[in-house]
Amino acid sequence: MRLHRIRLRDFRGVHDREVVLAEHGVTVLQGDNEVGKTSTVAALDLLFDAADSSRRADIRHAQPAGVDAGPEVEAEVSTGPYRFVYRKRWLRRPSTELDVLEPVRQQLTGADAHARVTAILDETMDRVLWRALRVEQHTAVGQADLGGQDALTRALDRAASGPTGPAGTGAGRPDPAADDGLVARAVDELRRYRTPSGRATGELRAAEVRRADAETEHERCRAALDAVERDVAARDRLDTELAGVRTRRRAHGDEVAALEDRWAALQSRLREVDAARGRAVLARERAGSARERREARDALVAAVDADAATAAGTAAALATHEAEHEAARDARDARRAADAAARTEATAARRAADTATRAVGAARDRAELADLAERLRRVADAESGLAAAERVLAAATVDDDALAELEDLARDLLRAEAARDAAAARVELTAPAALTLVVDGEEVVLAPGETRTLPVAGSRALSLPGVLDVRVRPGLDETGRDEAVRERARELAEACEDLGVADLEAARAARRVADEAAHRAAEHRSALARELAGHADAAALRAAHDAVRDRLAAVDPAGASDDDLAALRVAAEEARTAAEDAAVRADEADAACRAAEDAVRDADTRAAVLAERAADARHAHARRVEELRAARAEEPDAALAEAETARRDRARDAEREHEALAAALADDDPDTTEARVVNARAVDQRLAGEVARLEREHAETTGRLQAAGHQGWHDQLAAAEAELDAAVREHHGVTRRAAAARRLHDALTRHRDRVRRSYVAPFRAQVERLARIVFGPSLSLEIDEELRITHRTLDGTTVAFGALSSGAQEQLGLCARLACAALVDPADGVPVVIDDALGHTDPERLARLGAVFTAATAAAGAAQVVVLTCTPERYHGIGAATVVPLAASRRPAERGAPARDEALRPADDLPADLPAAAPGTVLDLPRAPRAG
């Protein structure tokens, strides 16, 4: 498989990007983190595997954040005889489009396109090898799982066999294709009975199903017959149990009646005890009420005495407070006079400070006016410079798009010339002595022994003056290529003429002049913005200048004050300090005055409170005295005490009566009698329920036996036993045939594996060839039958692979993958993809690994290797790499750029003096972006 180009739209953080890959050799995709390198490869997996209707997690994660657009992937791929363009979009307006370019043109959409691509890849590509030769991001390079890969196995078999057999003996090795065919037939025979995972299928599955069905039917009939026998036994048991339960229920009924009579007699005595308890409670409540009335009378007498004491105390406190109140009023009057004097002094100091501050403001305005005048001058200079730069920009005819178009035309011309020169014949001139020639009208001097090679792209004239004239004309193919060169040159000349420039260099010069004018314009705009900082435009700055001038004229009409600004500031500061000190003194006097006012108000409040309390105390004492007199008139204190004593005696008599009745009832234990009655009733209900349950079960069992009498279970069981015997015999026969197929397959597989063990040698030779570039000529490796490196020997020291450092492991793992890619036939191969690896490799070995990449991909039709990295310096040592720089591709609203990104191309532009290419040389040329 070969990847020609990959295009992403609205995929994760990529808005629109197309990447063109070199078909052979190494392509390095380099860019910063989050620029979308890994997304380029991850998109291929979704393109090949996920239907456009899928909404699985990795597809939802591919949708760009905050954008209502479906991720879209397009790729141009070659695999086997096929070359196709495959495009797919998910989530929003999902679609699938396939354009097969070779060998037969075909267009499909939707599920048909997805099925066709899947069939093509299954037919032509080793998907397991595609996974094995990839190194994912943030994973150790480690060892690839190369054992059993079909494409690599075929390549190793060719390498191990050679043209005439091992060791050049001429005796051919066993034909692996024949071995594979025999094993395949054995596999087909085995697959008649078992799947690759070991599950039964075909005849074996049918025999197992028949046997299982027969066993199930036999068990069903046996279970049904057993159920009938159980029902017969169950009906006999139910008859016996039902008779016993009915007898127990009749005997228990007599016991329940006796307990009911005894419980009825005890209930009347319980009611008598409850009545006695009620009388005792009522007597206690009445005795408590009499006690409460007596206690209330005692509390009222104590309250009258307390109110008299309170009234006397409040009157004494009010008399004491009157003297303190008069002293507070005198202090308040003195504080008011001091406060008025301090306020007058603070007002005079503040006026002096305001006068000094206005003088400082006028001086500052004069300085600001001078600064604004200078800024207005610099604004005028910047505006004139900006106008001049904009005139140059307006006259420019070559913009970036036009220059890019000229660059494309120039590269097309270089490609046409390269193709013409690569296919053209050559005239080789060698001078034995100093010699002067004329080639196409130009004099050429050859030094002794110098050789000059001239490509013959068009008709060429060679002349040795006075001796020989030679004219060399190209063939028909060369004429066509020369015509293509002239056509490209004509297109370039017409484009230059349309832009009003002589050639590409003139266009570049014109673009540079425009860029310089744009730079000057930007500088003038920056200066203009800097000078206008805080102002909308020059008019606003001029208005600010005029405002300061007018303000200064208002406060200083003469405009001729020469006072020193520093001296004015010192005087203003001194006046401000004096004003602040006076204000502090005024504030202190004001605070003292307020404190005196607060003290007088507090004294007023305290006097009012004390007067109110004295009045309240007098009123309360008079009210309580009147209340006590009225209560004694209604019921004297002695009558209350006598009533309390009488009711307490009656309560004691009622309690003794209740206790005697309760003791007599307790001797008969009514609680036990009640519990026995409740239990007897529950037992009777349980026995009734048990009788009903047994009768129901007896009826159900009888019904099942009547229904089973019509089923003929004995006959069905006999038929099931006969079918089971036949199914068991058939299953034994098919099982023996399946076991024989398994033994044959295992024997043939062991034979084939013995042959494949010889594949290790060519694989080891290829890996050691590449690894010695990194580790030196003393390196040797041990590789097992699964093509995994087990030990490394270097300078006579052998170390297991797992004990090597992380750097050594990733270097050997990379060499193994590149060796596999170099061995596999290009028709079977897949790209090697390395995503940000070699993080553990030191700079010296990084340089050597560059030579490993070159050695692995040097052959014609070599493998395709794609490297993704955010640290390009790791891969600078790859000599033949095609470098594709990736920049962030964001939506126009995110970057303020045109609506689509330019298609990305290889960054290494061809030099202007490209030499003529030798036949067979492969040029890594930029390709124009494909549409859509």
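Just so it is clear, the structure is predicted and the values come from calculations on it, not from any experiment.

Colleague: Could you clarify how one ought to interpret the packing of helix α16 (residues 760–775) against helix α18 (residues 843–856) in this entry?
Modeller: Relative placement of two packed helices is described by the angle separating their axes and the distance separating the axes. In contact at an axis separation of 8 Å, α16 and α18 are set at 155° when each is read in the N-to-C sense. As far as their axial angle goes, α18 and α16 are roughly antiparallel. By crossing handedness, the relation of α16 to α18 is classed as right-handed. Between α16, through Arg769, Leu770, Ile773, Val774 and Phe775, and α18, the contact on the second element is made entirely by Arg845, Arg848, Leu849, Ala851, Val852, Ala855 and Ala856.

Colleague: I would appreciate a short explanation of the pattern of salt bridges in the present structure.
Modeller: Between side chains of opposite charge, a pair can form as their charged atoms come close. Going through the model one piece at a time under the given rule, you end up with 52 salt bridges. One salt bridge in this structure joins Arg377 and Asp381, with 3.0 Å as the shortest N-O distance. With a gap of 4 residues between them, Arg377 and Asp381 both fall in helix α7 (residues 202–395), about one helical turn apart. Residue classification places Asp381 among the partly exposed positions, given a relative accessible area of 42%. Arg486 is the partner of Glu483 in a salt bridge, and the nearest nitrogen-oxygen pair spans 2.7 Å. Here the residue Glu483 and the residue Arg486 both occupy positions in helix α9 (residues 476–499), the gap between them amounting to 3 residues, near one helical turn. Judged by its relative accessible area of 40%, Glu483 falls in the partly exposed class. In this structure Arg486 comes out as partly exposed when scored by relative accessible area, which is 42%. Look at the salt bridges and you will find they share partners, linking Arg5, Glu18, Glu74, Glu76, Arg83, Arg87 and Glu97 into a network.

Colleague: What is the right way to read the environment of Ala506 from this model?
Modeller: In this structure, Ala506 sits in helix α10 (residues 504–531). When its relative accessible area of 25% is taken as the criterion, Ala506 is described as partly exposed.

Colleague: Explain the sheet that holds strand β4 (residues 72–79) here, please?
Modeller: Pairing between sheet strands relies on hydrogen bonds along the backbone, with the strands arranged either parallel or antiparallel. The strand order across the open sheet built from 6 strands is β2-β1-β4-β5-β6-β7, with neighbouring strands paired in antiparallel fashion. Here the strands that pair on one side only, and so sit at the sheet edges, are β2 (14–20) and β7 (106–109). For this sheet, the mean angle separating the axes of adjacent strands, direction not counted, is 10°. Relative to strand β6 (residues 95–102), strand β5 (residues 82–89) runs antiparallel, the two being bridged by 7 bridges. Paired with Arg89 across the bridge in β6 is Ser95. The sheet strands contacting helix α1 (residues 37–49) are β1 (2–11), β4 and β5, and the helix crosses β1 at an angle near 95°. Where helix α3 (residues 110–124) meets the sheet, its contacts fall on β4, β5, β6 and β7, and the angle it forms with β5 comes to roughly 135°.

Colleague: Explanation requested: the sheet that holds strand β17 (residues 797–800) in the structure shown.
Modeller: In spatial order, the strands read β15-β16-β17; together these 3 strands make up an open sheet with antiparallel pairing. This sheet does not close on itself; its edge strands, each paired only once, are β15 (780–783) and β17. If you compare each strand with its neighbour and ignore which way they point, the axes differ by 20° on average. Pairing geometry for β15 and strand β16 (residues 789–794), over 4 bridges, is antiparallel. Residue pairing in the sheet places Leu781 in a bridge with Arg792 of β16.

Colleague: What's the story with unusual backbone geometry in this structure? I'm lost.
Modeller: With glycine set apart, most residues show a phi of negative sign, and most peptide bonds adopt trans. Note that the residue after Glu102, namely Pro103, is joined by a cis bond; omega there is -5°. Residue position: Pro103 is located in the loop between β6 and β7. A positive phi angle is found at Glu34, which is not glycine, with a value near 65°. Structurally, the position occupied by Glu34 is in the loop between β3 (25–30) and α1.

Colleague: Can you help me understand the nonpolar core in this one?
Modeller: Inside soluble globular proteins, nonpolar side chains tend to come together where they are buried. Judged by nonpolar contacts, the single largest core of 90 residues is most densely connected at Phe48, Phe84, Leu146, Phe853 and Tyr875. Examining the composition of this core, we find that 10 residues originate from one element, helix α17 (residues 806–823), more than from any other. In terms of nonpolar packing, the next biggest core, distinct from the first, is built from 16 residues, Ala410, Leu413, Leu492 and Leu499 among them.

Colleague: When you look at a nonpolar patch on the surface in this model, what are you seeing that I'm missing?
Modeller: A surface patch of nonpolar side chains, about 270 Å² in accessible area, is lined by Val467, Leu468 and Val470. Here Leu468 shows up in strand β14 (residues 468–472). Using a relative accessible area of 49% as the deciding quantity, one classes Leu468 as partly exposed.

Colleague: Looking at this model, I keep getting lost on empty space enclosed by the protein. Mind explaining?
Modeller: Where empty space is left in the structure can be found by rolling a water-sized probe over the atoms. Scanning the entire structure with this criterion turns up 2 cavities of 30 Å³ or more. In this structure, the largest cavity spans a volume of roughly 50 Å³. Secondary-structure elements contributing two or more residues to the lining of the largest cavity are β1 and α1. For the lining of the largest cavity, the element with the highest residue contribution is α1, accounting for 3 residues. Per-class residue counts for the lining of the largest cavity are 9 nonpolar, 1 polar and no charged.

Colleague: Help me understand the packing of aromatic side chains in this model?
Modeller: Each aromatic ring pair is described using two quantities: the centre-to-centre distance and the angle formed by the ring planes. Enumeration over the complete set of coordinates arrives at 2 aromatic pairs. Ring centres 6.5 Å apart and planes at 75° place the aromatic pair Phe84 and Tyr86 in the edge-to-face group. As far as burial versus exposure is concerned, Phe84 and Tyr86 are alike and both buried. Each ring, one from Phe853 and one from Tyr875, has its centre 6.4 Å from the other, and the planes form 75°; the classification is edge-to-face. Highlighted residues: Phe853 in helix α18 and Tyr875 in the loop between β19 (864–869) and β20 (882–885), separated in sequence by 22 residues. For the residue pair Phe853 and Tyr875, the accessibility class agrees, reading buried in each case.

Colleague: Before we go on, may I ask you to explain the pairing of β19 in this structure?
Modeller: Here is the key point about a regular strand: its side chains alternate between the two faces of the sheet. Among the 6 residues that make up β19, 6 are buried, leaving the element largely enclosed by the rest of the structure. Every second residue of β19 is oriented toward a common face, with Gln864, Val866 and Leu868 on one face and Val865, Val867 and Thr869 on the other, all of them buried. Bridge analysis of β3 against β19 gives 6 bridges, and the strand direction is parallel. Its bridge partner lying in β19, Gln30 is registered against Thr869. Here strand β18 (residues 832–835) runs beside β19; their pairing, made up of 4 bridges, is parallel. Directly across from Val832, in β19, lies its bridge partner Val865.

Colleague: It is not clear to me how a negative patch on the surface should be interpreted in this structure. Could you clarify?
Modeller: On the surface, Asp399, Asp401, Glu405, Glu497 and Asp498 cluster together into a negatively charged patch. Here Asp399 shows up in the loop between α7 and α8 (400–423).

Colleague: What is the right way to read α16 from this model?
Modeller: Side chains of residues three or four places apart in an α-helix project in the same direction, reflecting 3.6 residues per turn. The principal kink in α16, of about 25°, is found at Arg769. Every buried residue of α16 is accounted for by Val760, Pro762, Phe763, Gln766, Val767, Glu768, Leu770, Ala771, Val774 and Phe775.

Colleague: Is there a simple way to think about the confidence of the model for the protein chain in this case?
Modeller: For the protein chain, per-residue confidence averages 79 on the pLDDT scale, and residues scoring 70 or more make up 87% of the total. A low-confidence stretch, residues 163–173 stays under pLDDT 50, and its non-local contacts, those more than four residues away or across chains, total 15 contacts. Scored below 50 in pLDDT, residues 896–932 makes 68 contacts in the model with residues more than four places away or belonging to other chains.

Colleague: Is there a simple way to think about the environment of Asp52 in this case?
Modeller: As for its position among the elements, Asp52 is in the loop between α1 and α2 (57–62). Asp52 gets classed as buried once you look at its relative accessible area, which sits at 16%. Residues Asp52 and Gly110, 58 residues apart in the sequence, show an inter-C-alpha distance of 7.9 Å. Not counting residues within four places of it along the chain, the set of residues in contact with Asp52 comprises Lys88, Arg89, Trp90, Leu91, Pro94, Ser95 and Thr96. Only 2.8 Å separates the side chain of Asp52 from the side chain of Thr96, close enough to count as a polar contact.

Colleague: How should the side chain of Arg792 be read in this particular structure?
Modeller: With respect to the helices and strands, Arg792 occurs in strand β16. An unpaired buried charge is present at Arg792: no salt bridge exists, and Asp795, the closest side chain of opposite charge, is 7.9 Å distant. In this structure Arg792 touches Phe775, Leu779, Ser780, Leu781, Thr797, Thr798, Val799, Leu804, Ala808 and Leu812, once residues within four positions along its chain are discounted.

Thresholds applied
Counting of residues starts from 1 at the beginning of each chain's written sequence and follows it residue by residue. Totals for whole chains, interfaces and linings use every residue, but because this is a predicted model, local features are given only for residues with pLDDT of at least 70 and side-chain atom pairs only at 80 or more, for both listing and counting. Excluded from the side-chain calculations are hydrogens and water; all other atoms, namely the structure's heavy atoms, are used. Here the axes come from fitting lines to C-alpha atoms, over the contacting stretch only for helices, and the angles between their N-to-C directions go from 0 to 180 degrees. Every helix listed is a DSSP run of H or I at least four residues long, and every strand listed is a run of E at least two residues long, numbered separately from the N terminus. An angle below 35 degrees is treated as roughly parallel, one above 145 as roughly antiparallel, one from 65 to 115 as roughly perpendicular, and anything else as oblique. The handedness criterion is simple: a crossing whose near helix is rotated anticlockwise from the far helix by less than a right angle is left-handed, and one whose near helix is rotated clockwise is right-handed. The criterion used for residue contact is that any of the two residues' heavy atoms lie within 4.5 Å. Salt bridge, as applied in this entry: a Lys or Arg side-chain nitrogen positioned within 4 Å of an Asp or Glu carboxyl oxygen. Throughout, exposure labels follow a simple rule: accessible area from a 1.4 Å probe, protein chains only, divided by the maximum for the residue type, with under 20% read as buried, over 50% as exposed, and the rest as partly exposed. Strand pairing requires that DSSP identify at least two bridges connecting the strands. Joining through side-chain atoms within 4.5 Å is the link that ties buried Ala, Val, Leu, Ile, Met, Phe, Trp, Tyr and Cys residues into a set, and such a set is a nonpolar core. Exposure above 30% relative accessible area and the absence of a salt bridge qualify a residue for a patch, where like charges join within 9 Å and nonpolar side chains (Val, Leu, Ile, Met, Phe, Trp, Tyr) within 5 Å. Residue burial considers only the protein chains on display, and all accessible areas are found by Shrake-Rupley using a 1.4 Å probe. Only protein atoms enter the 1 Å grid, on which a cavity is a set of points fitting a 1.4 Å probe that cannot get out and a pocket is an open set with protein on both sides within 12 Å along at least 5 of 7 lines, lining residues being those with an atom within 4 Å of a point. Grid points are joined across faces, edges and corners, and a volume is the space filled by probe spheres set on the points. Residue type decides the class: Asp, Glu, Lys and Arg count as charged, Ala, Val, Leu, Ile, Met, Phe, Trp, Tyr, Cys and Pro as nonpolar, and the leftover types, Gly among them, as polar. Two rings from Phe, Tyr or Trp (for Trp, the six-membered ring) form a pair when their centres are within 6.5 Å of each other. A pair whose planes differ by under 30 degrees is stacked, one over 60 is edge-to-face, and the rest are tilted. The charged-residue count follows a simple rule in which Lys and Arg add positive charge and Asp and Glu add negative charge, with His and chain termini not counted at all. To locate a charge, take atom NZ for lysine, CZ for arginine, CG for aspartate or CD for glutamate. Axes are fitted to the seven residues ending at a residue and to the seven starting at it; the angle between these axes is taken as the bend at that residue. Think of pLDDT as the predictor's per-residue confidence, scored from 0 to 100. Pairing of N or O atoms within 3.5 Å defines a polar contact, subject to two protein rules: one partner must be a possible hydrogen donor and the other a possible acceptor, and residues neighboring in sequence count only if both atoms are side-chain atoms.

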